[in-house]
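Chains, contacts and geometry: an overview
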Amino acid sequence: MRYEIKGETLPVVVCYLEGGEQMITERGSMSWMSPNMKMETTTGGGIGKAIGRMFAGEALFQNRYTAQGGNGLIAFASSFPGQINAYEIGPGREIIVQKSGFLAAESGVELSVFFQKKLGSGFFGGEGFIMQRLSGQGTAFLEFDGHVVDYELQPGQQIVVDTGYLAAMEGTCSIEVRTVPGLKNMVFGGEGLFNTVVTGPGRVWLQTMPISNVAQLILSFMPPKS
């Protein structure tokens, strides 16, 4: 499989498949394709994994596209202004992504639900509660909101991230959702009640424009209902 990522603020990844090669996606993200691409809707590993993906905010079923009778082409477009990044999944190279961050992947990539360890704080922390784990083998394409800044954390090194800005992290990292210290900070600070603390070693990707923040900003300009 070869691919090109085109565009800037509204990117698309165009994948060129040889006969028999397959791609998977979960959100109906296919934008255009050659006529010989066959689509099949599957549970992607059984009903248990499908339910797990549903808890992670993704669709219950996966769409699998196969190039039949020769080479094929298929494109997956971003659903929000931002970036599409490619990441090579393999042994020891798992990645954890936000629940809306998976765009598409080669069929050897497996998706499963990822729960952060402290269930109670994660539940109340929102974005830090449930993410998706990508494992297996193959190229995965991740969709991030706004611009992406990445850091390589050393063992034990930490970074504190406001809820929603954590886009992805390598599987070697760990996360913990913590309350903002101090009652005055929580009530008057305007930064929310929770932060996500990511601990290395591993690479972490942060996004500059979470779609949830944009939605809240737009909502604040909406006229009140009469």
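Quick look at the structure, then. (Residues numbered from 1 in each chain as written. Predicted model: local features only at pLDDT ≥ 70, side-chain atom pairs only at ≥ 80, totals over all residues. Heavy atoms only, no water.)

1. Quick look at the pattern of salt bridges
To keep it simple, the criterion reads: For this analysis, a salt bridge means a side-chain nitrogen from Lys or Arg found within 4 Å of a carboxyl oxygen belonging to Asp or Glu. A simple rule labels every residue: compare its accessible area, found with a 1.4 Å probe on the protein chains alone, to the largest value its type can have, and call it buried under 20%, exposed over 50%, or partly exposed in between. In this text, helices come from DSSP runs of H or I with a minimum length of four residues, and strands from runs of E with a minimum of two, each type numbered from the N-terminal end.
Counted according to the given criterion, the structure contains 4 salt bridges. The salt bridge partner of lysine 6 is glutamate 4, with a shortest N-O separation of 3.8 Å. By relative accessible area, which is 35% here, glutamate 4 ends up partly exposed. Among the salt bridges present, the one from arginine 203 reaches aspartate 150, with a minimum N-O distance of 3.2 Å. Of this pair, arginine 203 sits in strand S19 (residues 202-207) while aspartate 150 sits in strand S14 (residues 148-153), and the two are 53 residues apart along the sequence. Using a relative accessible area of 38% as the deciding quantity, one classes aspartate 150 as partly exposed.

2. Some details on the side chain of threonine 139
Heads up, the rule is: Distance and chemistry together define a polar contact, namely a pair of N or O atoms within 3.5 Å, with one atom able to donate a hydrogen and the other to accept it when in protein, and with adjacent residues in sequence counting only for side-chain atoms on both sides. Here, residues are in contact when the closest pair of their heavy atoms is within 4.5 Å.
Secondary-structure assignment places threonine 139 in strand S13 (residues 138-145). Only 2.6 Å separates the side chain of threonine 139 from the side chain of glutamate 88, close enough to count as a polar contact. Among all residues touching threonine 139, those that are not within four sequence positions of it are Met1, Tyr3, Ala86, Tyr87, Glu88, Ala105, Glu106 and Val109.

3. Quick notes on the pairing of strand S18 (residues 194-199)
For the record, the criterion: Here the rule is simple: two strands pair whenever DSSP picks up at least two bridges between them.
In terms of residue burial, S18 counts as a mostly covered element, since 5 of its 6 residues are buried. Sheet analysis places strand S15 (residues 158-162) next to S18, joined by 5 bridges and oriented antiparallel. Note on S18: the bridge partner recorded for valine 161 is threonine 196. The pairing of strand S17 (residues 174-179) with S18 spans 6 bridges and is classified as antiparallel. Bridging from a neighbouring strand, glutamate 176 pairs with valine 197 of S18.

4. Overview of the sheet that holds strand S12 (residues 130-136)
Threshold: Whenever a helix is involved, its axis is fitted only over the stretch in contact; in every case the axis is a line through C-alpha atoms, and angles between N-to-C directions fall within 0 to 180 degrees.
With antiparallel pairing, the 6 strands of this open sheet are ordered in space as S11-S12-S9-S16-S19-S14. At either margin of the open sheet sits one strand with a lone partner, and together these are strand S11 (109-115) and S14. Between one strand axis and the next, the sheet turns through 20 degrees on average, direction left out of account. When strand S9 (residues 95-97) meets strand S16 (residues 166-170), the two strands line up antiparallel, connected through 3 bridges.

5. Focus on the sheet that holds strand S2 (residues 12-17)
Spatially, S1-S2-S7-S4 is the arrangement adopted by the 4 strands of the open sheet, whose pairing is antiparallel. With one partner strand each, in any of the chains shown, strand S1 (2-6) and strand S4 (30-33) form the two edges of the open sheet. The sheet shows a mean angle of 20 degrees between the axes of neighbouring strands, direction not considered. As defined by bridge partners, S1 adjoins S2 across 5 bridges and the pair is classed as antiparallel. Within S2, the position partnered with lysine 6 by the bridge is valine 12.

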